[in-house]
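# Structural description and commentary
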Amino acid sequence: MPGTNLTRVEAEERAGMLAVHSYEINLDLTGGGEYFNSTTTIRFSCSQPGTSTFVDLIAPEVRRVALNGVELDPTVVFEDSRITLEGLEPENTVVVEALAEYSHTGEGLHRFTDPVDSKTYTYSQAEVADARRIFACFEQPDLKSRFTFHVVAPADWTIISNQPTPQPQVDGDKATWVFAETPIMSTYLVAIIGGPYARWIDSYLSTDGRVVPLGLFVRESMAQYMDADEIFDITRRGFEFFESAFEVAYPYEKYDQIFVPQYNAGAMENIGAVTLTEDRYIFRSKPVEALVAARANTILHEQAHMWFGNLVTMKWWNDLWLNESFAEFMSHLAASSNTRWTDAWTDFLASRKMVGYQQDQLPTTHPIVAEIRDLADVFVNFDMITYAKGASVLRQLVAWVGQESFLKGVHNYLIKYAESNATLEDFLAEVGQASGRDLKAWSKVWLEEAGVTTLRPLVVANSEGVYVKGGITQEAAKVYTRFSEIPHRDLPEITVNPSLRPHHIAVAGYNLIDKGLVRSWSYEVDIAGESTDIDELTGQVIPDLLIINDGDLTYAKIRLDKGSQAALPRLITK
């Protein structure tokens, strides 16, 4: 029995025969306790009439199921978090009425009562596959659709969703919010946030001339700690950078950021309604600068997703790494380019990237592109190989093809696949075409193989202190076999042996002067294979320190030449 799992094969089969036109979702959040009422109407077409499919739903009770006007017995068709639909027609409408359950662990619709003032708040978290805890749906990223939400809630609440919040229809102590239909999007990007949240408003003038409303929200007892001016400033700077870099205007109507309690993630890129953890990012005392920088990076990371991940979405979760690595790369590029955190890449190396190096040298490492056979595999790969190594390798790709060509490829990708789904192959094809580089071989050694290679300078100097020859050697990591020496464990052996990879790097010479250690010269070069001659080094005066990955453009272990090793203690003490 599938339980709550979904395999990639099942998802491909379902996507091959269905097209989902719309969802109409009615939620009643007025009841206290542990449950809420959820009614969903889904309209979809089927290319194989007469066949069957299933709708996903995790709920303690299904009260009604109707397919094309025919009432079905919920006790028969609802089993294992699936509602079976048989005898499909070319055009179909299914209605599901259910009693759904609030979460207290961050999945689906989370409910929280503030111990300070006893006020209740809710917020949704639908990634990876938890929209089905809120409403019945076809829970996979490539069955995109449009969503219309009708929410009944206490009249003193604010309801926030993907579309702008409408004026509620008040009836005593209850109110109804009827939201406009959303753009086309995946189920995991839906947002429903409700409660007496405190609110701040601002706006951003988009490159297409629209005034985009900006909102910030936090529970009332935390309102005194909200530093709205700084958060709005980062948000506007992010939009300025991304609209310019992608040459695509922000694709949605508004942009809210809601800081929520008891969050089990850092943030989530719901279209137009980003949720962020209040525990980490609402500062109740003066924070260290590293934490302020981390918040800025998270804000920019979620913004980048509005284009890459939301406007264009992966077909299946095997490309989750690309979603996250791209946002990680772009957030640091935006921070270093258009905020006061100009040294964001240094922070990335010192924190995120170092963890990626560590995880990539453990027996538990895996390729960046991992096989995701089902939903269970997704959670195994939410790690720093996906985030930190992935972003590091993307940075190397940008260095290898050139930032201008990379961003041109991204622009073409966003335009070509807007409001639809795409794959890694689609993305690399656009970047490859824009840059004139064939990325198939690059992808194989960088994305499909685990492990870290080592780069070493190899220089020959004369007695006059001048290089007569220079080059860089590359070594693959030693082969090791995972689990082979662990007794009493029935685990498959996995051999890790990375290939020698192509790198675009900067080779630089640094010298110690009165002002300190300064870069005297730098050359960008391509290297590949076991050894590459660097002609630019020939005739160069030997510097105090030779660096072969200046600017940290590539992902590799870096070694110093003997002269630089000997000089390093003197350079550090100065």
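In the block above lies the structure referred to throughout.
The structure displayed is predicted, hence computed values, not measured ones.

## Considerations on unusual backbone geometry
- A cis amide bond links E127 to the next residue, V128, at an omega of 10°.
- For V128, the position within the fold is in the loop between strand 10 (120-125) and strand 11 (146-154).
- Positive phi outside glycine occurs at D552, with the angle close to 55°.
- Within the element layout of this structure, D552 appears in the loop between strand 30 (545-547) and strand 31 (557-558).

## Brief notes about the packing of aromatic side chains
- Counted by the stated rule, this structure contains 36 aromatic pairs.
- An angle of 15° between the planes, with centres 3.9 Å apart, marks the rings of F308 and F326 as stacked. Of this pair, F308 sits in the loop between helix 5 (289-305) and strand 21 (313-314) while F326 is found in helix 6 (residues 320-338), placing the two residues 18 residues apart along the sequence.
- Judged by relative accessible area, which is 2%, F308 ranks as buried.
- For F326, a relative accessible area of 0% corresponds to the buried category.
- Taking NZ or CZ as reference, R437 lies 4.0 Å from the ring centre of W400, over its face.
- The ring centre of W446 lies 5.1 Å from the NZ or CZ of R501, which sits over that ring.

## Section: helix 6
- Its 19 residues place the ends of helix 6 27 Å apart at the C-alpha level, agreeing with the 27 Å of an ideal helix rising 1.5 Å per residue.
- Burial analysis of helix 6 places 17 of its 19 residues in the buried class, the great majority of the element.

## A look at the pattern of salt bridges
- The final tally for this structure, using the stated rule, is 28 salt bridges.
- The partner of R519 in a salt bridge is D550, and the shortest N-O contact between them spans 2.9 Å. Within this pair, whereas R519 is found in strand 28 (residues 516-527), its partner D550 is found in the loop between strand 30 and strand 31, the two being separated by 31 residues in sequence.
- You can call D550 buried: its relative accessible area is 9%.

## Some details on the sheet that holds strand 16 (residues 198-205)
- Strand order in the open sheet formed by five strands is 16-17-18-20-19, and the pairing between neighbours is mixed. Every other strand in the sheet has two partners, leaving strand 16 and strand 19 (267-268) as the edge strands with one partner each.
- Of the strand pairs in this sheet, strand 17 (residues 211-218) and strand 18 (residues 255-260) are connected by five bridges, and their pairing is parallel. Residue F217 lies in a different strand from strand 18, and its bridge partner there is I258.
- Relative to strand 16, helix 3 (residues 228-246) is tilted by about 30°, and along the sheet it contacts strand 16, strand 17 and strand 18.
- Of the strands in this sheet, strand 18, strand 19 and strand 20 (273-277) touch helix 5, which is tilted by about 135° from strand 18.

## So, the layout of surface pockets
- If you add up the space inside the largest pocket, you get close to 960 Å³.
- A265, G266, A267, R352 and Y387 are, among the 44 residues lining the largest pocket, the residues nearest its centre.
- Looking at the lining of the largest pocket, the elements that each hand over two or more residues are strand 19, helix 4 (278-281), helix 5, helix 6, helix 7 (344-360) and helix 8 (375-380).
- If you tally residues by element for the lining of the largest pocket, the top one is helix 5, at nine residues.
- Here the lining of the largest pocket is composed, by residue class, of 20 nonpolar, 12 polar and 12 charged.

Cut-offs used in this document
Residues numbered from 1 in each chain as written. Predicted model: local features only at pLDDT ≥ 70, side-chain atom pairs only at ≥ 80, totals over all residues. Heavy atoms only, no water. Helix = DSSP H or I, 4+ residues; strand = E, 2+ residues; numbered from the N terminus. Phe/Tyr/Trp six-rings, centres within 6.5 Å; stacked < 30°, edge-to-face > 60°. Buried < 20%, exposed > 50% of the residue type's maximum accessible area, 1.4 Å probe, protein only. Lys NZ or Arg CZ within 6 Å of the ring centre and 35° of its normal. Expected span 1.5 Å × (residues − 1). Salt bridge = Lys/Arg side-chain N within 4 Å of Asp/Glu carboxyl O. Pairing = 2+ DSSP bridges. Contact = heavy atoms within 4.5 Å. Axes fitted to C-alpha atoms, helices over the stretch in contact; angles between N-to-C directions. 1 Å grid on protein atoms, 1.4 Å probe; cavity = no way out; pocket = protein on both sides within 12 Å on 5 of 7 lines; lining within 4 Å. Points joined across faces, edges and corners; volume = space filled by probe spheres on them. Nonpolar A, V, L, I, M, F, W, Y, C, P; charged D, E, K, R; others polar.

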